[in-house]
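Spelled out from the first residue to the last, the chains are:
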Amino acid sequence: MVSRMFRIETEVDRERSQFLRSRLREANTAASPVLRSLRGTPDEREVPLQVWASTERGEVAGGLVGHTWATWLHVTYLWVDERHRGAGLGSRLLSRAERLAVSSRGCRASRLETWDFQAPDFYRKQGYEVVCVIPGYPPGITEYTLTKRLG
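Residues numbered from 1 in each chain as written. Predicted model: local features only at pLDDT ≥ 70, side-chain atom pairs only at ≥ 80, totals over all residues. Heavy atoms only, no water.

K.L.:
Describe in detail helix α3 (residues 89-105), supporting the description with residues and values.
P.N.:
Across its 17 residues, α3 extends 23 Å between first and last C-alpha, which sits within 8% of the 24 Å expected from 1.5 Å per residue. Every buried residue belonging to α3 is among Leu-89, Gly-90, Leu-93, Leu-94, Ala-97, Glu-98 and Ala-101, and all of these are buried. Packed against the buried residues of α3 are β1 (47-54), β2 (60-69), β3 (72-80), α4 (120-125) and β6 (142-149). Within two residues after α3, Gly-106 carries a phi angle of roughly 70°, on the positive side. (Helix = DSSP H or I, 4+ residues; strand = E, 2+ residues; numbered from the N terminus. Expected span 1.5 Å × (residues − 1). Buried < 20%, exposed > 50% of the residue type's maximum accessible area, 1.4 Å probe, protein only. Contact = heavy atoms within 4.5 Å.)

As structure tokens, this is what we get:
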């Protein structure tokens, strides 16, 4: 049996992080025919997608920040100013992002994460289904992952 010694470090290192990412990408590509088929296509890259709503005075009333990748829309943030909630603005922002993802990027599905005190019921009303529930993430809060087939 070969005994090996390793030095274990905990520093944040951008260069090594990129190295690790590239090695993991190589291993994933080698192991997955699906990921291999994505390489060199437009679907390979994450492309930012953002939708904004502004008041007549130019103030941000709400917005959605996400990206598309491999025929999926990933909604990272959706926020509506408290003064404009309940008027359908969140639904309009989400709907616009979904339409853009389908029409200009060929997306067929959407995913997002939300906490129990945020908007799981809102997303269910928009046609999203809960696919994962993580209680205690963070402690005292439940995180939901939801997905929706787009059309």
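K.L.:
Outline the side chain of Glu-44, supporting the account with residue identities and numerical values.
P.N.:
As for its position among the elements, Glu-44 is in the loop between α2 (33-38) and β1. A residue is classified by how much of its surface remains accessible, and Glu-44, at 19% relative accessible area, is buried. One polar contact links the side chain of Glu-44 to the main-chain amide nitrogen of Gly-40, over a distance of 2.9 Å. Residue contacts for Glu-44: discarding those within four places in its chain leaves Arg-25, Leu-38, Arg-39 and Trp-69. (Polar contact = N/O pair within 3.5 Å; in protein donor to acceptor, adjacent residues only side chain to side chain.)

Bear in mind that shape data such as this cannot, by itself, settle questions of function.
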